[in-house]
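Each chain is listed here by its residues.
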Amino acid sequence: MWATLTTLFMLITVGFTGYYALISLRNPEKAMKMATHEPQLLPLIMAGRYLVLFLLTVGVLLLGDSKVAAYFLAVCTLLGLYDGWVYWSRGLPHMKHTSSGLLSLGGFAVVMGALIWGAEG
């Protein structure tokens with residue numbers, strides 16, 4: 001029963017976040033209104049996002065599962081490179097974001113090497 005409920009809540013979360021991701025990519029202004037985000041509060045919202053990413057990182061580290069770490073680093077790669085692209089495509093400084101994505105990509109490669117060739121290899 002608990003596994004089924006967990007799966008149900010995860011599926012709801014996937015649907016909810018996927019819906020907002022799609023709307024945000026297609027029409028960011030509409031997504032901001034739908035999510036009732038206020039532009040002047042975005043710095044505070046970003047502070048919360050960084051806190052959540054920190055806590056997720058600590059959780060992945062404490063789990064000690066290479067497959068979870070690989071997935072997490074792949075997602076962080078996408079996050080950093082996407083943010084870097086958004087800034088770069090508008091002619092703005094992007095290296096902090098791009099570097100974050102590249103660092104995550106390097107970590108992903110290391111974890112994948114450990115998974116493919118063995119942690120002691």
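Everything here concerns the structure above.
Since we're looking at a predicted model, the values are computed, not measured.

**Focus: a nonpolar patch on the surface**
Item 1. Where nonpolar side chains cluster on the molecular surface, the patch consists of M1, W2, L5, L8, F9 and I12 and spans about 720 Å² of accessible area.
Item 2. Topologically, F9 is positioned in helix α1 (residues 2-26).
Item 3. On the basis of relative accessibility, which here comes to 55%, the residue F9 falls in the exposed class.

**What to know about unusual backbone geometry**
Item 1. In this structure, T36 takes a positive phi of about 55° despite not being glycine.
Item 2. Mapped onto the secondary structure, T36 falls in the loop between α2 (28-34) and α3 (42-63).

**Comments concerning the packing of aromatic side chains**
Item 1. Tallied over the full model, the rule gives three aromatic pairs.
Item 2. With 5.6 Å between their ring centres and 85° between their planes, Y19 and Y20 make a pair best called edge-to-face.
Item 3. Y20 gets classed as partly exposed once you look at its relative accessible area, which sits at 21%.
Item 4. Both rings, one in Y82 and one in W85, keep their centres 6.0 Å apart while their planes meet at 40°; by these two values the pair is tilted. Linking Y82 with W85, this pair stays in helix α4 (residues 66-88), spanning three residues, or about one helical turn.
Item 5. Taking relative accessible area as the criterion, W85 reaches 47% and is therefore assigned partly exposed.
Item 6. By the ring-pair criterion, three or more aromatic residues cluster together here, those being F16, Y19 and Y20.

**Concerning the packing of α3 against α4**
Item 1. Axis separation between α3 and α4 bottoms out at 9 Å; the angle between their running directions is 155°. Accordingly, the angle class assigned to the pair α3 and α4 is roughly antiparallel. For the pair α3 and α4, the crossing hand works out as left-handed. Mapping the contact onto sequence places L53, L56, T57, V60 and L63 in α3 and V68, A69, F72 and L79 in α4.
Item 2. Here the residues of the contact of α3 with α4 are counted per class, giving eight nonpolar, one polar and no charged.

**Comments concerning α4**
Item 1. Compared with the 33 Å implied by 1.5 Å per residue over 23 residues, the 32 Å span of α4 between its first and last C-alpha is a close match.
Item 2. All buried positions along α4 are accounted for by A69, A70, F72, C76, T77, G80 and G84.
Item 3. On its buried side, α4 packs onto α3 and α5 (95-117).

**Considerations on the side chain of T77**
Item 1. Along the polypeptide, T77 turns up in helix α4.
Item 2. According to the relative accessible area criterion, T77 is buried, its value standing at 9%.
Item 3. A distance of 3.5 Å separates the side chain of T77 from the backbone oxygen of S104, its partner in a polar contact.
Item 4. Engagement of the side chain of T77 in a polar contact is seen with the backbone nitrogen of L105, the distance being 3.0 Å.
Item 5. Sequence-distant contacts of T77, defined by excluding residues within four places in its chain, comprise G101, S104 and L105.

Rules of the game
- Residues numbered from 1 in each chain as written.
- Predicted model: local features only at pLDDT ≥ 70, side-chain atom pairs only at ≥ 80, totals over all residues.
- Heavy atoms only, no water.
- Patch = residues over 30% accessible without salt bridge, like charges linked within 9 Å, V, L, I, M, F, W, Y side chains within 5 Å.
- Areas by Shrake-Rupley, 256 points an atom, 1.4 Å probe, with all protein chains shown as cover.
- Salt bridge = Lys/Arg side-chain N within 4 Å of Asp/Glu carboxyl O.
- Helix = DSSP H or I, 4+ residues; strand = E, 2+ residues; numbered from the N terminus.
- Buried < 20%, exposed > 50% of the residue type's maximum accessible area, 1.4 Å probe, protein only.
- Phe/Tyr/Trp six-rings, centres within 6.5 Å; stacked < 30°, edge-to-face > 60°.
- Axes fitted to C-alpha atoms, helices over the stretch in contact; angles between N-to-C directions.
- Parallel < 35°, antiparallel > 145°, perpendicular 65-115°, else oblique.
- Left-handed = near helix turned anticlockwise from the far one by under 90°.
- Contact = heavy atoms within 4.5 Å.
- Nonpolar A, V, L, I, M, F, W, Y, C, P; charged D, E, K, R; others polar.
- Expected span 1.5 Å × (residues − 1).
- Polar contact = N/O pair within 3.5 Å; in protein donor to acceptor, adjacent residues only side chain to side chain.

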